[in-house]
Amino acid sequence: MAQAYDNGPVAVIINSGARAGQELEADGIRRAFAVHGRQAEVHRVDGGRIADAVLAALEGGARIVVAAGGDGTVNAVAAELVDRDGAALAVLPVGTLNHFARDLGMPSTMEDAIAVIATGRARTVDAGEVNGRLFLNNSSIGLYARLVVGRERLQRGSRLGKWPAMVRAGWSVLQHPRSFSLTLCVDGQDLCRRTPFVFVGNNDYVVEGAHAGERDRLDAGALSIYVLRPGGPWGLLLLALRAMTGRLVHGRDLDQWHATSLEIASRHAQVEVARDGEVDAFDTPLRYRIRPRALQVIAPAAGGSR
């Protein structure tokens, strides 16, 4: 059950390795919380020390821990708060895309987001998990994981920014959309598929039209699973166009299921798995599950985002 967190210090975790984190001013954050009568303790740490910073903040009495950054930073903070009584996650949406903050209905400006956090009003949301690792938005294998790996490689080897590197990596991946064979066990039912892309969402995603990529609920207690049918570069471009215009054909363009558990078996011992925009190598089989209402979050009431 969600609790009220209307008193006590607030801990703000800033990822110093992220560009957004480098631009945040700790004094400005403290002043913004003080306007609402809340004391904020700001911790600026590199990404590898986020977990330690969260635990130290909790030991110091913080009951709200704010992730100031993008979805990767939010994931790292949330991993230490899931299933924890007496502590809640909040988000300052200062990253590049801020998918989780948007789906929570958080305001896009720092001042307005802090005003929401200061109220201390919490609700519970679901969390996804793959092989014991948390995701709040989604996880995938195939095209997107390859795109992220390619983008990071380009950024390390050149002075390209994130978006130019993303475009170049995306073009390279699109030219060679490799398909692979998998066996999916969806809530106990085995299904064999050949695909270039498997997407697993924490709750149901809109996949067509103007709101594609958004979620209406974060507490329905189900994974959403989307498996693309094989296709070449032009086929994938046409698929994207049909998605934008609301003309996807389920069963022809992609398969879709809702489930509480999913296992993906592959002939490869390891596969690259994306989780909330970060990519790591995971041993197979991949075991997904939903963790219903496992995380308390400070956010506007559900249903107010659109």
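If you're wondering where the values come from, they're calculated on a predicted model, not measured in any experiment.

**Some words on the sheet that holds strand 14 (residues 270-275)**
- Read from one edge of the open sheet, six strands run 12-11-10-7-14-15, paired in antiparallel fashion. The two strands at the open ends of the sheet, each matched to only one other strand, are strand 12 (254-259) and strand 15 (278-283). Neighbouring strand axes in the sheet, compared pairwise and without regard to direction, differ in orientation by 20° on average.
- Relative to strand 12, strand 11 (residues 223-228) runs antiparallel, the two sharing six bridges. Within strand 12, the position partnered with Leu 223 by the bridge is Ala 259.

**Topic: the packing of aromatic side chains**
- Inspection of every chain in the model, using the stated rule, returns four aromatic pairs.
- On the basis of an interplanar angle of 75° and a centroid distance of 5.9 Å, the ring pair of Phe 135 and Tyr 288 is categorised as edge-to-face. Of this pair, Phe 135 sits in strand 6 (residues 133-135) while Tyr 288 sits in strand 16 (residues 286-298), and the two are 153 residues apart along the sequence. With respect to burial, Phe 135 and Tyr 288 carry one shared label: buried.
- When the centroid spacing of 5.1 Å and the interplanar angle of 85° are considered together, the rings of Phe 199 and Tyr 205 count as edge-to-face. Assigned by exposure class, Phe 199 and Tyr 205 land together as buried.
- Each member of the aromatic cluster is reached from another via a ring pair, and the members are Phe 197, Phe 199, Tyr 205 and Tyr 226.

**What to know about the pairing of strand 11**
- Most of strand 11 sits out of view: six of its six residues are buried.
- Residues Leu 223, Ile 225 and Val 227 point to one face of strand 11 and Ser 224, Tyr 226 and Leu 228 to the other, with burial holding for every one of them.

**Structural notes on the side chain of Thr 195**
- Following the sequence through the fold, Thr 195 ends up in strand 9 (residues 189-195).
- Residue Thr 195 is classed as buried on the basis of its relative accessible area, which comes to 0%.
- Separated by 2.6 Å, the side chain of Thr 195 and the backbone oxygen of Leu 228 make a polar contact.
- If near-sequence neighbours (up to four positions away) are discounted, Thr 195 is found in contact with Arg 178, Ser 179, Phe 180, Leu 182, Val 227, Leu 228 and Pro 230.

**Brief notes about the packing of helix 2 (residues 26-35) against helix 6 (residues 110-119)**
- For the pair helix 2 and helix 6, the least separation of the axes is 9 Å and the interaxial angle reads 50°. Relative to helix 6, the element helix 2 is oriented oblique. The two elements helix 2 and helix 6 meet at a crossing, and its hand is right-handed. Facing helix 2, whose interface residues are Ile 29, Ala 32 and Phe 33, helix 6 presents Met 110, Ile 114 and Ile 117.

**Things to note about helix 6**
- Turning to helix 6, its buried residues number three or more, namely Ala 113, Ile 114, Val 116, Ile 117 and Ala 118.
- Elements that come into contact with the buried residues of helix 6 comprise helix 2, strand 3 (64-69), strand 4 (88-93) and strand 16.
- Residue Gly 120 follows helix 6 closely and has a positive phi angle near 75°.

**A look at the nonpolar core**
- One finds Val 12, Leu 89 and Phe 100 to be the most contacted residues of the largest nonpolar core, which totals 53 residues.
- Ignoring any residue separated from it by four or fewer positions in sequence, one finds Phe 100 in contact with Asp 71, Val 74, Leu 89, Val 91, Val 125, Leu 136, Asn 137, Arg 215, Leu 218 and Val 297.
- Counting 22 residues, the second largest nonpolar core, distinct from the first, contains Ile 141, Val 186, Val 271 and Tyr 288.

**Some points on the environment of Val 207**
- Along the polypeptide, Val 207 turns up in the loop between strand 10 (197-202) and strand 11.
- With 19 residues separating them in the primary sequence, Val 207 and Tyr 226 have C-alpha atoms 9.4 Å apart.

**Some words on unusual backbone geometry**
- Geometrically, the link from Thr 284 to Pro 285 is a cis peptide bond, its omega value of 0° lying close to zero.
- Looking at the element boundaries, Pro 285 is found in the loop between strand 15 and strand 16.
- Positive phi values are uncommon outside glycine, yet Asn 131 reaches one of about 50°.
- In this structure, Asn 131 sits in the loop between strand 5 (122-130) and strand 6.
- According to the relative accessible area criterion, Asn 131 is partly exposed, its value standing at 30%.
- Here Arg 293, not a glycine, exhibits a phi torsion of approximately 45°, which is positive.

Quick notes on the rules
Residues numbered from 1 in each chain as written. Predicted model: local features only at pLDDT ≥ 70, side-chain atom pairs only at ≥ 80, totals over all residues. Heavy atoms only, no water. Pairing = 2+ DSSP bridges. Helix = DSSP H or I, 4+ residues; strand = E, 2+ residues; numbered from the N terminus. Axes fitted to C-alpha atoms, helices over the stretch in contact; angles between N-to-C directions. Phe/Tyr/Trp six-rings, centres within 6.5 Å; stacked < 30°, edge-to-face > 60°. Buried < 20%, exposed > 50% of the residue type's maximum accessible area, 1.4 Å probe, protein only. Polar contact = N/O pair within 3.5 Å; in protein donor to acceptor, adjacent residues only side chain to side chain. Contact = heavy atoms within 4.5 Å. Parallel < 35°, antiparallel > 145°, perpendicular 65-115°, else oblique. Left-handed = near helix turned anticlockwise from the far one by under 90°. Core = buried A, V, L, I, M, F, W, Y, C linked by side-chain atoms within 4.5 Å.

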